[in-house]
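Structural features, examined
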Amino acid sequence: MTNMTLAIPEELSKIMKKHKEIKWSEVARQAIWMQARKLEIMDKLLSKSELTEKDALTIGNKIKHDIAKKHGLR
């Protein structure tokens, strides 16, 4: 197994020190696994996509615009 060193904010460190019963390395490992699984699913879905990056940006901008308009921000 490979080791990894993380820098965390002081405020987070204080909270973690209050809860020494928690295996924080396991919490981090599970969070990383969850994110990696999401990326694997996304990669699998995108491997069959015919959209270009430009298409995706155009769609994303349209969605943002429509949401802002719906909420009276535009």
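Now for a quick tour of the structure. (Residues numbered from 1 in each chain as written. Predicted model: local features only at pLDDT ≥ 70, side-chain atom pairs only at ≥ 80, totals over all residues. Heavy atoms only, no water.)

**Observations concerning the overall build of the protein chain**
Summing up its helical and strand segments, the protein chain has three helices and zero strands in all. For 74 residues, the compact-globule estimate of 2.2 N^0.38 gives 11 Å, and the C-alpha radius of gyration of the protein chain, at 20 Å, exceeds that figure by more than 25%. When the backbone C-alpha atoms are referred to their principal axes, the protein chain occupies close to 45 × 35 × 15 Å. For the protein chain, with 74 residues in total, the buried portion stands at 4%. Distance from the positive charge centre (16 side chains) to the negative charge centre (10 side chains) of the protein chain: 5 Å. (Helix = DSSP H or I, 4+ residues; strand = E, 2+ residues; numbered from the N terminus. Rg over C-alpha atoms; globule rule 2.2 N^0.38 Å. Buried < 20%, exposed > 50% of the residue type's maximum accessible area, 1.4 Å probe, protein only. Lys, Arg positive; Asp, Glu negative; His and termini not counted. Charge placed at Lys NZ, Arg CZ, Asp CG, Glu CD.)

**Looking at a positive patch on the surface**
A contiguous patch of positive charge, built from Lys-14, Lys-17, Lys-18 and Lys-20, is present on the exposed surface. If you trace the backbone, Lys-18 turns up in helix α1 (residues 10-18). (Patch = residues over 30% accessible without salt bridge, like charges linked within 9 Å, V, L, I, M, F, W, Y side chains within 5 Å. Areas by Shrake-Rupley, 256 points an atom, 1.4 Å probe, with all protein chains shown as cover. Salt bridge = Lys/Arg side-chain N within 4 Å of Asp/Glu carboxyl O.)

**A closer look at the pattern of salt bridges**
Counted according to the given criterion, the structure contains two salt bridges. For Arg-29, the salt bridge goes to Glu-26, with nearest N and O atoms at 3.0 Å. Here Arg-29 pairs with Glu-26, and both are found in helix α2 (residues 24-46), just three residues apart, close to one helical turn. The class of Glu-26 is partly exposed, set by a relative accessible area of 31%. A salt bridge links Lys-62 to Asp-66; its shortest N-O distance comes to 3.0 Å. Highlighted residues: Lys-62 and Asp-66, both in helix α3 (residues 53-70), separated by four residues, approximately one helical turn.

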